[in-house]
Amino acid sequence: CRVKTVQLHDRITSIEKNAFYGAEKLERINFPDSLKIIRENAFKDCFNLKEVIFPDNGIEIEKCAFLCCKE
């Protein structure tokens, strides 16, 4: 995957299991206010993920959602 930045649709409510698994080039993602849950391993092995912008409303994050990310 060569995508570096992801801007999700403002009606999305969940990031499903393994959705971005192994997206090694991904550096930045901005979550919409509508997001409620990030499922297991959704961003696993996104080694270059440096910036994640969460909404203020709180999100449920399942185990290992960001496993093996930069920080």
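Thresholds, definitions, all that
- Residues numbered from 1 in each chain as written.
- Predicted model: local features only at pLDDT ≥ 70, side-chain atom pairs only at ≥ 80, totals over all residues.
- Heavy atoms only, no water.
- Helix = DSSP H or I, 4+ residues; strand = E, 2+ residues; numbered from the N terminus.
- Buried < 20%, exposed > 50% of the residue type's maximum accessible area, 1.4 Å probe, protein only.
- Contact = heavy atoms within 4.5 Å.
- Disulfide = S-S within 2.5 Å.
- Core = buried A, V, L, I, M, F, W, Y, C linked by side-chain atoms within 4.5 Å.

A. Spatial organisation of the environment of Lys50. With respect to the helices and strands, Lys50 occurs in the loop between β4 (37–38) and β5 (51–53). The class for Lys50 is exposed, based on a relative accessible area of 57%. When the C-alpha atoms of Lys50 and Ile37 are compared, they prove to be 20 Å apart, with 13 residues separating the residues in sequence. Excluding anything up to four places from it in sequence, Lys50 contacts Glu27 and Lys70.

B. How the structure looks around the state of the cysteines. Evaluation of the coordinates by the stated rule reveals zero disulfides. Take Cys46: it sits in no disulfide, and the sulfur closest to it among the cysteines is that of Cys69, at 5.1 Å.

C. Here's a closer look at the nonpolar core. Grouped together as the largest cluster of nonpolar side chains are 16 residues, with contacts concentrated most on Ile15, Phe31, Ile38 and Phe43. When residues no more than four places from it in sequence are discounted, the contact partners of Ile38 are Ile15, Phe31, Phe43, Phe54, Ile59, Glu60, Ile61, Glu62, Ala65 and Phe66.

D. Layout of the environment of Ile37. Topologically, Ile37 is positioned in strand β4. A residue is classified by how much of its surface remains accessible, and Ile37, at 10% relative accessible area, is buried. Residues Ile37 and Phe66, 29 residues apart in the sequence, show an inter-C-alpha distance of 13 Å. If sequence neighbours within four positions are ignored, Ile37 has contacts with Thr13, Ser14, Ile15, Ile59, Glu60 and Glu62.

This is a description of form; function is not addressed.
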